[in-house]
Amino acid sequence: MDLVAQLWARVSTPLPPLPTAVLLGALVAAVAVVLSPALWRPARTVVTIAHEGAHGLVALAAGRRLAGIRLHSDTSGLTVSAGRPTGIGMVLTCAAGYTGPALFGLGAAALLAAGHAALLLWALLALLALLLVQIRNWYGLWTVLATGAVVLAVTGWLPPAGQAAFAAAGTWFLLLAAPKTVLELHRTRRRRAAPDSDADQLARLTRLPALLWVAVFLLVDVGALLLGGWWILG
């Protein structure tokens with residue numbers, strides 16, 4: 001019990017705010033990853049984890065039965081849930097994918113701004129553990145385990161300031177990467193290469209144009225970026 005109490009005290013105790021220079025350095029690092037084709041390709045898998053995880057969480061919250069999640073080496077993914085094929089639950093589940101990474105980033109920004117970087121990292125580990133039991137392919141299993149191992153190493157080996165800097169870089173990455181994936185979706189749809197995208201599924205479910213759903217995704221993601229950035233930089 002003493003060990004648990006010590007761990008909880010370490011996780012829940014707010015840390016002093018990071019210097020603005022460190023926060024801006026984390027932002028620059030995240031921008032470099034998002035804009036560099038060589039770095040974006042592997043890093044995009046992290047966005048896919050958040051994307052499919054959001055589908056899964058909202059499916060469960062909407063009362064659907066989660067049948068499994070797959071992550072693929074081309075950075076695509078698939079979340080399968082059982083339940084009514086139409087209705088608000090299905091709409092929310094489909095809409096969660098392209099807004100999920102930004103909303104995760106917004107929540108992370110709130111914790112980071114409150115000085116709870118350690119709590120943020122442990123919450124991330126808990127979410128990855130929940131996701132792990134739903135993974136249904138080897139590549140997805142390896143990806144989630146590798147991501148969890150990196151976060152666990154940061155929490156175990158880096159000092160509090162290092163953990164906070166890592167959390168800041170990860171938060172900036174999610175906030176910046178989310179709108180980029182929506183722009184990628186738009187370009188793919190213009191080439192008619194994604195007839196079953198989330199936006200197209202939502203169009204069939206709601207009879208609203210798929211382009212409108214792409215615009216909604218982008219509006220949510222840009223809004224989360226602006227609000228989250230404001231919170232982080234204070």
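Above this text is the structure in question.
Let me sum up the structure you'll find in this document. (Residues numbered from 1 in each chain as written. Predicted model: local features only at pLDDT ≥ 70, side-chain atom pairs only at ≥ 80, totals over all residues. Heavy atoms only, no water.)

1. A closer look at the overall build of the protein
Step number 1: When its secondary structure is counted, the protein shows 9 helices and 2 strands.
Step number 2: Ordered by position in the sequence, the α and β elements of the protein form the string α-α-α-β-β-α-α-α-α-α-α.
Step number 3: A compact globule built from 234 residues would reach a C-alpha radius of gyration of about 17 Å, and the protein, at 18 Å, matches this within 12%.
Step number 4: Overall, the protein is about 50 × 40 × 30 Å in size when its C-alpha atoms are taken along their principal axes.
Step number 5: Expressed as a percentage of the 234 residues in the protein, the buried residues total 44%.
Step number 6: Look at the contacts in the protein between residues 6 or more apart in sequence, and 74% of them connect residues 24 or more apart.
Step number 7: Accessible surface, the protein as shown: approximately 12300 Å² in total, 72% of it carbon and sulfur.
Step number 8: Of the charged side chains in the protein, 16 are positive and 8 negative; the average position of the first set lies 6 Å away from that of the second. (Helix = DSSP H or I, 4+ residues; strand = E, 2+ residues; numbered from the N terminus. Rg over C-alpha atoms; globule rule 2.2 N^0.38 Å. Buried < 20%, exposed > 50% of the residue type's maximum accessible area, 1.4 Å probe, protein only. Contact = heavy atoms within 4.5 Å. Areas by Shrake-Rupley, 256 points an atom, 1.4 Å probe, with all protein chains shown as cover. Lys, Arg positive; Asp, Glu negative; His and termini not counted. Charge placed at Lys NZ, Arg CZ, Asp CG, Glu CD.)

2. As for the pattern of salt bridges
Step number 1: Scanning the model with the defined rule gives 3 salt bridges in all.
Step number 2: Across the pair E184 and R44 runs a salt bridge whose closest N-O atoms are separated by 2.8 Å. On the criterion of sequence distance, the pair formed by E184 in helix α7 (residues 160-190) and R44 in helix α3 (residues 37-61) is long-range, its members being 140 residues apart.
Step number 3: Take R44: its relative accessible area is 15%, and that puts it in the buried class.
Step number 4: Two residues, D200 and R189, come together in a salt bridge whose shortest N-O distance is 2.9 Å. Here the residue D200 occupies a position in helix α8 (residues 198-206), and R189 occupies one in helix α7, the gap between them amounting to 11 residues.
Step number 5: What makes R189 partly exposed here is its relative accessible area of 22%. (Salt bridge = Lys/Arg side-chain N within 4 Å of Asp/Glu carboxyl O.)

3. Describing the layout of surface pockets
If a probe the size of a water molecule is rolled over the atoms, the empty space left behind becomes visible.
Step number 1: Taken as a whole, the largest pocket holds about 1100 Å³ of empty space.
Step number 2: Around the largest pocket sit 42 residues that line it, and V46, L124, L128, T147 and L174 are the ones nearest its centre.
Step number 3: Listed by contribution, the elements that provide at least two residues to the lining of the largest pocket are α2 (20-35), α3, β1 (65-71), α4 (88-113), α5 (117-132), α6 (138-157) and α7.
Step number 4: Among the elements that make up the lining of the largest pocket, the one with the highest residue count is α3 (10 residues).
Step number 5: Partitioning the lining of the largest pocket into residue classes produces 33 nonpolar, 9 polar and no charged.
Step number 6: Computed from the structure, the second largest pocket encloses a volume of approximately 840 Å³. (1 Å grid on protein atoms, 1.4 Å probe; cavity = no way out; pocket = protein on both sides within 12 Å on 5 of 7 lines; lining within 4 Å. Points joined across faces, edges and corners; volume = space filled by probe spheres on them. Nonpolar A, V, L, I, M, F, W, Y, C, P; charged D, E, K, R; others polar.)

4. Observations regarding the packing of aromatic side chains
Step number 1: By the definition in use, this model includes 3 aromatic pairs.
Step number 2: Each ring, one from W40 and one from F173, has its centre 6.2 Å from the other, and the planes form 55°; the classification is tilted. In this pair, W40 is assigned in helix α3 and F173 in helix α7, connecting sequence segments 133 residues apart.
Step number 3: Ring geometry for Y139 versus W142: centroids 6.2 Å apart, planes at 35°, classification tilted. Taken together, the positions of Y139 and W142, both in helix α6 and 3 residues apart, correspond to about one turn of that helix.
Step number 4: For W142, a relative accessible area of 55% gives the class exposed. (Phe/Tyr/Trp six-rings, centres within 6.5 Å; stacked < 30°, edge-to-face > 60°.)

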